[in-house]
There are 2 protein chains.
Amino acid sequence: MIKKYHFGKPYNTEAVILPVPLATDTLPYFEVSAEKGLSFKLKLEKSDAVYGLGEAMRGINKRGYIYNSFCSDDPNHTEATRSLYGAHNFIVIEMGEKVFGAFFDTPSTLTFDVCYTAFDTLRITCENENMAVYIIDGDSIYDIVKEFRNAIGRSYIPPMWAFGYTQSRWSYIDKADVRRIAKGYRDLGIPLDAIYLDIDYMERYKDFTVNEENFGNLPEFVEEMKADGIRLVPIIDAGVKIEEGYDVYEEGIRNNYFCSDKDNKPFKACVWPGMTHFPDFLNPQVRTWFGAKYKILTDMGIEGFWNDMNEPAIFFSQNSVDETHRKIKKMADEEFSVDKFNELKFYIGSRQNCNEDYSAFYHNTPEGRFCHKDVHNLYGYNMTRSAGEALDKIEPSKRHLLFSRASYIGMHRYGGIWTGDNHSWWSHILNEIKVLPSLNMCGFLYVGADLGGFGCDTSRDLLLRWLSLGIFTPLMRNHAAAGTREQECFCFENPEDFKHIIDLRYRLIPYLYSEFMKASLENEMMFKPLAFEFPKDEVARHTEDQLLIGNELMIAPVYTQNALGRYVYLPEDMTAVRMTGGELSYTEMHKGHHFVEIAENEVVFFIRAGKAIPLCKAAKCVEDLDLDTIELVGTGKEYLLYTDDGFSKDYENPANFKTLKK
Amino acid sequence: MIKKYHFGKPYNTEAVILPVPLATDTLPYFEVSAEKGLSFKLKLEKSDAVYGLGEAMRGINKRGYIYNSFCSDDPNHTEATRSLYGAHNFIVIEMGEKVFGAFFDTPSTLTFDVCYTAFDTLRITCENENMAVYIIDGDSIYDIVKEFRNAIGRSYIPPMWAFGYTQSRWSYIDKADVRRIAKGYRDLGIPLDAIYLDIDYMERYKDFTVNEENFGNLPEFVEEMKADGIRLVPIIDAGVKIEEGYDVYEEGIRNNYFCSDKDNKPFKACVWPGMTHFPDFLNPQVRTWFGAKYKILTDMGIEGFWNDMNEPAIFFSQNSVDETHRKIKKMADEEFSVDKFNELKFYIGSRQNCNEDYSAFYHNTPEGRFCHKDVHNLYGYNMTRSAGEALDKIEPSKRHLLFSRASYIGMHRYGGIWTGDNHSWWSHILNEIKVLPSLNMCGFLYVGADLGGFGCDTSRDLLLRWLSLGIFTPLMRNHAAAGTREQECFCFENPEDFKHIIDLRYRLIPYLYSEFMKASLENEMMFKPLAFEFPKDEVARHTEDQLLIGNELMIAPVYTQNALGRYVYLPEDMTAVRMTGGELSYTEMHKGHHFVEIAENEVVFFIRAGKAIPLCKAAKCVEDLDLDTIELVGTGKEYLLYTDDGFSKDYENPANFKTLKK
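Residues numbered from 1 in each chain as written. Chains lettered and ligands numbered in written order. Predicted model: local features only at pLDDT ≥ 70, side-chain atom pairs only at ≥ 80, totals over all residues. Heavy atoms only, no water.

Trainee: Pulling in residues and values, what's your account of the nonpolar core?
Mentor: Within the largest apolar cluster, 375 residues are counted, with the highest numbers of intra-cluster contacts made by Phe90 and Phe605 of chain A together with Phe90 and Phe605 of chain B. If near-sequence neighbours (up to four positions away) are discounted, Phe605 of chain A is found in contact with Phe472, Leu504, Leu508, Leu553, Met554, Ile555, Thr575, Ala576, Val577 and Ile613 of chain A. If you look at the next biggest cluster of nonpolar residues, it comprises 42 residues, including Ala556, Met589 and Val604 of chain A together with Val596 of chain B. (Core = buried A, V, L, I, M, F, W, Y, C linked by side-chain atoms within 4.5 Å. Buried < 20%, exposed > 50% of the residue type's maximum accessible area, 1.4 Å probe, protein only. Contact = heavy atoms within 4.5 Å.)

Listed below in structure tokens is the structure:
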């Protein structure tokens, strides 16, 4: 049961697409204050839990910290980070036996103080007094999530090849570099389905251009790679370079398609290309225009994209440049003191993604002209909507790979997300475990983290352990930042260890793809906390480093360095599946606590009692998988397999479902 | 057996004070290269371990990362942090059955690549070709540590009151503020032994001055607090403010006591006081001069100090200010482009603690004039040596509290350390667990982290859990940065939970003080990894989130939020001691794996089989502890208690040891 409540005059974010009539009663559960903006307060008992918030730091149970919903490009993801790239305002609150969901639908910044300031008080505050709040009642967390997901619409479904292992780096600089990567994998027999092209494939970072010197005749190169089972996935950034003669820039100027300042002049912000304008993605006409540009690349054979820098990230604005120049002109002729150095240091150091800039440009939306800060969280969402809607028109019968850095609920219908610029830190493996179910709650099913870590230098053991989690995530991408150590699997000693782990991914694809499709078609979660499945089991409720995947599997990845293994809690009897040297072995284990030894070149996962999963033979790419090699493993007798051609949109054809029996 | 090897002409750091003759054979174990500087290489098997490095990130076993010995003021302590505040170049290598220690004694930067670049290779490199290397052979890690510690001299011993709980903040601003803190604790009956005075007690951050407006008549205030069992512990920073009329500045200038630039002019660096000069602590005359200044404060009744900013931290130098001014003068009249903004942003943003500055000043040492960068790691060490040696002269019969941020091995004879500017992150609880034994190996026994976390906002549960570790560390200080949430225990709900935990600390002081004194007098470790005590037990060898304390205790602190408890590995049968609501209960537990529920207001620790520990009644401060209330708990029958007056230096008096029997 979902009910809608309005405060003020809410902006229609189009997150919820199911028509929900306005409730006539007052908002239940929360004590509401509308003194300054809006505040929603709820007292909780010590044993109550708050789940959700999608992409956020800290636990699966969000108690004990403050989170700000404000799409942010801040790569230092520590425990103190309050904002990541997404703004996902859906929570489920478990109060004793009672459980309900709440979605706070506003494009403005929202703060969730989850029993942090006061240890028994959840308080949600927003400076903006306009908001729609949805309350979802149900018998279980699953019921509530399903009801919410039904209201926000079916999650994006990628092509099947996007379930393969993929390799990225900022940046593979030319065709030879890309060929080197492909060869590195193919020579060792490590499966690979895609290589990403980061910003350097473009001509000076201009969207929808290709650097002809390094990537000349791209269509031919796309074909060459595809013949080897490898797709190329280019990046598209939000900012459009200001450059006379560049068609995207000129069309945008001609049609007033860019975000503008208070004087209606296009707002100037420096990002990778230098000074840029931001397409006004909140304007449907702009979405249609910008989205159509993706055809430039699909015409070259490209079948997937990642949208980046769309919080939007701002290195600094023209306003900041001008103000800095004013300051230094004034300072140049004066005595230059410590205080003036500090003033300059502070000013220049605080220009990146600053509030002044987010307050200085405007959008022309269907609901009128809005200052960016009041609709900030919708920007990345609508950039990806622009691409998703366009790709549906460009090649209507075909699925494309599409994912984004910034997001808001609603964007899940158009693309997936990767969890942004993480680091080669062991703690970020654990973070990924914790964020997966929260993202699923908010509709984001096609998700994954940069395996091995984006920032900082990885290590062989870190990459092995992270891949051992990554083989279970829909998006499985190894990605690293410029200046960091090379982290392609073939760069490390004993690459057969990597092959065995990635081979296992491909063996699992029939299962993972089936469970992904079931979750998408039925508005269910693919990654589930033990707390959701075993709500009466106090240990399960507190286990945040294990996850259930689909209806049959449980994972318990190792996320500490130099570990012999780890503790695993089995909430019921399960079959442990151990991969050693590419071979699988099976052990029946009893409900309870276990210490499980897991070497860094091994993978251990668990099949639930009475369940079976399909495993096929590995192949070099998804298209080469032979489903005739499927065997069922586990103590169950049958499994409902989902299969299709991997490209078309005939998802709901009953013929796609097939019960496999032992 | 300790042997010394020289490469080039090593600088005498005075880390090792035992006369060790120069070995006549070649350096064993390592493959040495002297092509560019020095390189020491050693192949390791997968199961071999490398311990040590004192204050460093990552594991107790240091395998899998790179560490730079370079005393650094960098508060963002992540897994990728390669340098912290101390430079502790002692490692113990466990190669199969063989174990040996190595101390790389150089004041220059040293890099330990511990099986990171190549997964089977330890490589230690140094740009400086001059180094003393000590190799220590022995039958066990304990033997080797003891041999090394014997060579570097007895660890610093603080007064007994320094084992009490202490409260700090940057900053308590005046007497009323300090009284408020004292009253906050006393009113709730939470024990407290000291309050720290951070930089604002000084007159505009000038060392050895007192802000008369806020702390007028300090001696009287010191007495007032002491009457309540609370000592005041002021900070001393490394940089001396440049200010005409300020005696420390003027004396330093007059006598050439400051570090100088290449033209022999005092080097100017901006720190808290504004532009300062750095006392040249590597010059013994300067140490004597600066150390004598502490008498200004001891004459006011002060009995303890913390030395800070002594890496030395540099916000920016006068050179950087001048260069910035040159740049902006040039830029002021030109067109101010994106490139110029970026140039200025990069330049100004890279001035803090930059290599250019560390290369731009010099020390006049007994061994000649040295560029700072070549002796960098000795600076904080010699600042604290200056204080320690002086306090021994000022009040020869009395122990003082003294600890430092920056350090090098050798400084352990003069003071303790706190582990610098950590954060209110759960992972920093675990970091503290891991660093304690490594510090002990290097001679640092009086150690502790800022409980609750220095940077960022703490939470009630984080503070409770961190205190539950902190009650076992010699230095037990709650400290927080300016601008963060108040984190004194009385600021949170249900303060009795804090009282119960801190009361337990006081009950444990007879044990902790005894074990600390035994470790110091016998050159032993107080905090021991399970790996050292149970080297044949593979699980124990890999358990890095539990520690043995002294000869009787084991701890297994909770370091995750919202946890029900944690897994604990018992390498032998033990007695679990559980504190709930101030009451203790005891459970016998068997060797093996256990899941132990521990609520956030509980403490659980373990007494080894056949051992007993003394517990006394709690008191409001250490001096009020009544040792007649001691009871022995655990399955053992006796305990060797160390007691003394807590102030004098009559450590080795046999009368200080007393066998307690049940």
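Next, the rest of the story.
Trainee: Pulling in residues and values, what's your account of the interface of chain A and chain B?
Mentor: Every contact between the two is made by 62 residues of chain A and, on the other side, 62 residues of chain B. Between chain A and chain B, a total of about 5300 Å² is buried, with carbon and sulfur atoms accounting for 61% of that surface. Counting the surface chain A buries against chain B, the share from its top three residues, Phe119, Phe341 and Tyr567 of chain A, is 13%. Our count for the contact surface shared by chain A and chain B stands at four salt bridges. In this structure, Asp457 of chain A and Arg82 of chain B form a salt bridge, with 3.0 Å as the shortest nitrogen-oxygen distance. For the pair chain A and chain B, the number of links is 33 residue pairs in polar contact (both at pLDDT 80 or more). Mapped onto the side of chain A that touches chain B, the elements with two or more residues apiece are α8 (318–332), α9 (338–349), α17 (538–541), β31 (565–570) and β34 (592–597) of chain A. (Buried area = accessible area lost by both parts, 1.4 Å probe. Salt bridge = Lys/Arg side-chain N within 4 Å of Asp/Glu carboxyl O. Polar contact = N/O pair within 3.5 Å; in protein donor to acceptor, adjacent residues only side chain to side chain. Helix = DSSP H or I, 4+ residues; strand = E, 2+ residues; numbered from the N terminus.)

Trainee: Just give me the short version of the relation of the copies chain A and chain B, but keep the residues and values in it.
Mentor: Laying chain A over chain B is done by rotating through 180° and shifting 0.0 Å along the axis; what remains is an RMSD of 0.0 Å. Look at the turn and shift together and you get a two-fold axis relating the two. The C-alpha atom lying nearest the rotation axis in chain A is that of Ile328 of chain A; the distance is 2.9 Å. Residue by residue, 100% of the interface of chain A is reproduced at the interface of chain B, so both copies engage with the same surface. (Least-squares fit on C-alpha atoms with pLDDT ≥ 70 in both.)

Trainee: Quick one: what's the story with the pattern of salt bridges, residue by residue and with numbers?
Mentor: Residues and elements named next belong to chain A. On inspection of all chains with the given rule, the structure shows 112 salt bridges over all chains. Where Glu311 meets Arg405, a salt bridge forms, and the shortest distance between an N and an O atom there is 2.7 Å. Here Glu311, found in the loop between β18 (304–308) and β19 (316–317), pairs with Arg405, found in the loop between β22 (401–404) and β23 (407–408); they are 94 residues apart in sequence, far enough to count as distant. Classification of Arg405 as buried rests on a relative accessible area of 1%. Salt-bridge contacts for Arg399 lead to Asp644; the nearest nitrogen and oxygen are separated by 2.8 Å. Taken together, the residues Arg399 in the loop between α12 (379–394) and β22 and Asp644 in the loop between β38 (638–642) and β39 (657–661) connect sequence positions 245 residues apart. The exposure class assigned to Arg399 is buried, which follows from its relative accessible area of 2%.

Trainee: Can you break down the sheet that holds strand β33 (residues 583–589) of chain B residue by residue, with the values?
Mentor: All names here are of chain B. Read from one edge of the open sheet, six strands run β28-β29-β30-β35-β32-β33, paired in antiparallel fashion. Strands with a single pairing partner mark the edges of an open sheet, and in this sheet they are β28 (527–528) and β33. The sheet contact formed by strand β32 (residues 574–580) and β33 spans seven bridges and is antiparallel. Following the sheet pairing, Val577 is matched in β33 by Tyr586. Lying over the sheet, helix α15 (residues 496–521) contacts β29 (547–549), β30 (553–555), β32, β33 and β35 (602–608), oriented at roughly 20° with respect to β35. (Pairing = 2+ DSSP bridges. Axes fitted to C-alpha atoms, helices over the stretch in contact; angles between N-to-C directions.)

Trainee: Kindly report on unusual backbone geometry, identifying the contributing residues and their values.
Mentor: All names here are of chain A. Following Trp170, the chain continues into Ser171 via a peptide bond in cis, with omega recorded as -5°. Counting through the fold element by element, Ser171 comes out in the loop between β12 (165–167) and α2 (175–188). Looking along the chain, the bond that leaves Glu311 and enters Pro312 is cis, with omega of -5°. Structurally, Pro312 is set in the loop between β18 and β19. Backbone geometry at Asn264 places phi at a positive 65°, although glycine is not the residue there. Summarising the element assignment, Asn264 is placed in the loop between α5 (247–254) and β16 (269–271). You can call Asn264 exposed: its relative accessible area is 52%. One non-glycine residue, Cys456, adopts positive backbone phi at about 65°.

Trainee: Which residues make up helix α15 (residues 496–521) of chain A, and what are the values?
Mentor: Residues and elements named next belong to chain A. For α15, which comprises 26 residues, the first-to-last C-alpha distance of 37 Å matches the rise-based estimate of 38 Å (1.5 Å per residue) to within 8%. By the largest-angle criterion, Leu508 marks the main kink of α15, which is about 55°, and a proline, Pro510, follows within four residues. Of all 26 residues in α15, 24 are buried; the element is thus mostly enclosed. Positive backbone phi, approximately 55°, marks Asn523, located one or two places after α15. (Expected span 1.5 Å × (residues − 1). Bend = angle between axes of the 7 residues up to and from the residue.)

Trainee: Which residues make up the environment of Arg326 of chain B, and what values do they have?
Mentor: Mapping Arg326 of chain B onto the fold places it in helix α8 (residues 318–332). For Arg326 of chain B and Ile417 of chain B, which are 91 residues apart along the polypeptide, the C-alpha to C-alpha distance reads 40 Å.

Trainee: Can you explain the side chain of Ser39 of chain B? Please cite residues and give values.
Mentor: Mapped onto the elements of the fold, Ser39 of chain B is located in strand β3 (residues 38–43). For Ser39 of chain B, the contacting residues outside a window of four places in its chain are Glu31, Val32, Ser33, Arg123, Ile124 and Thr125 of chain B.

Trainee: Which residues make up the packing of helix α13 (residues 427–441) of chain A against helix α14 (residues 460–470) of chain A, and what are the values?
Mentor: Residues and elements named next belong to chain A. Here α13 crosses α14 at 5°, and the two axes come no closer than 10 Å. As summarised for this structure, α13 and α14 are arranged roughly parallel, according to the angle between their axes. Between α13 and α14, the contacting residues are His428, Ile429, Glu432 and Ile433 on the first element and Leu462, Arg465, Trp466 and Leu469 on the second. (Parallel < 35°, antiparallel > 145°, perpendicular 65-115°, else oblique.)

Trainee: Tell me about the pairing of strand β17 (residues 274–277) of chain B, and name the residues and values.
Mentor: Successive residues of a regular strand alternate their side chains across the two faces of the sheet. Residues and elements named next belong to chain B. Two elements, strand β15 (residues 240–241) and β17, share two bridges in a ladder whose sense is antiparallel. Considered in β17, the bridge of Val240 is made with His277. A loop of two residues connects strand β16 (residues 269–271) with β17, the two strands running antiparallel in sequence.

Trainee: Describe the state of the cysteines, and please don't skip the residues or the numbers.
Mentor: Throughout the structure, instances matching the rule amount to zero disulfides over all chains. Cysteine Cys456 of chain A remains unbridged, with the sulfur of Cys456 of chain B as its closest cysteine sulfur at 17 Å. Residue class for Cys456 of chain A comes out partly exposed when judged on its relative accessible area of 23%. Left without a disulfide partner, Cys621 of chain B is nearest to the cysteine sulfur of Cys616 of chain B, which lies 12 Å away. (Disulfide = S-S within 2.5 Å.)

Trainee: Please set out the side chain of Asn382 of chain B residue by residue, giving values where relevant.
Mentor: All names here are of chain B. Inspection of the secondary structure assignment puts Asn382 in helix α12 (residues 379–394). Residue classification places Asn382 among the buried residues on the basis of a relative accessible area of 4%. In contact with Asn382, other than residues within four places in its own chain, are Phe281, Leu282 and Arg287.

Trainee: Give me the lowdown on the sheet that holds strand β2 (residues 31–33) of chain A, citing residues and values where you can.
Mentor: Residues and elements named next belong to chain A. With antiparallel pairing, the five strands of this open sheet are ordered in space as β2-β3-β10-β9-β5. The open sheet is flanked by β2 and β5 (65–69), the only strands paired with a single partner. Ignoring which end each strand starts from, the neighbouring axes of this sheet average 15° apart. Alignment of strand β3 (residues 38–43) against strand β10 (residues 121–126), held across six bridges, turns out to be antiparallel. Note on β10: the bridge partner recorded for Leu42 is Leu122.

Trainee: Report on α13 of chain A, specifying residues and quantitative values.
Mentor: All names here are of chain A. With 15 residues, α13 extends 22 Å from end C-alpha to end C-alpha; this agrees with the ideal 21 Å at 1.5 Å per step. The principal kink in α13, of about 30°, is found at Val435, preceding the proline Pro437 by one to four residues. In terms of burial, α13 is largely enclosed, as 13 of its 15 residues are buried. Of the residues flanking the end of α13, it is Gly443, one or two places downstream, whose phi is positive at about 100°.

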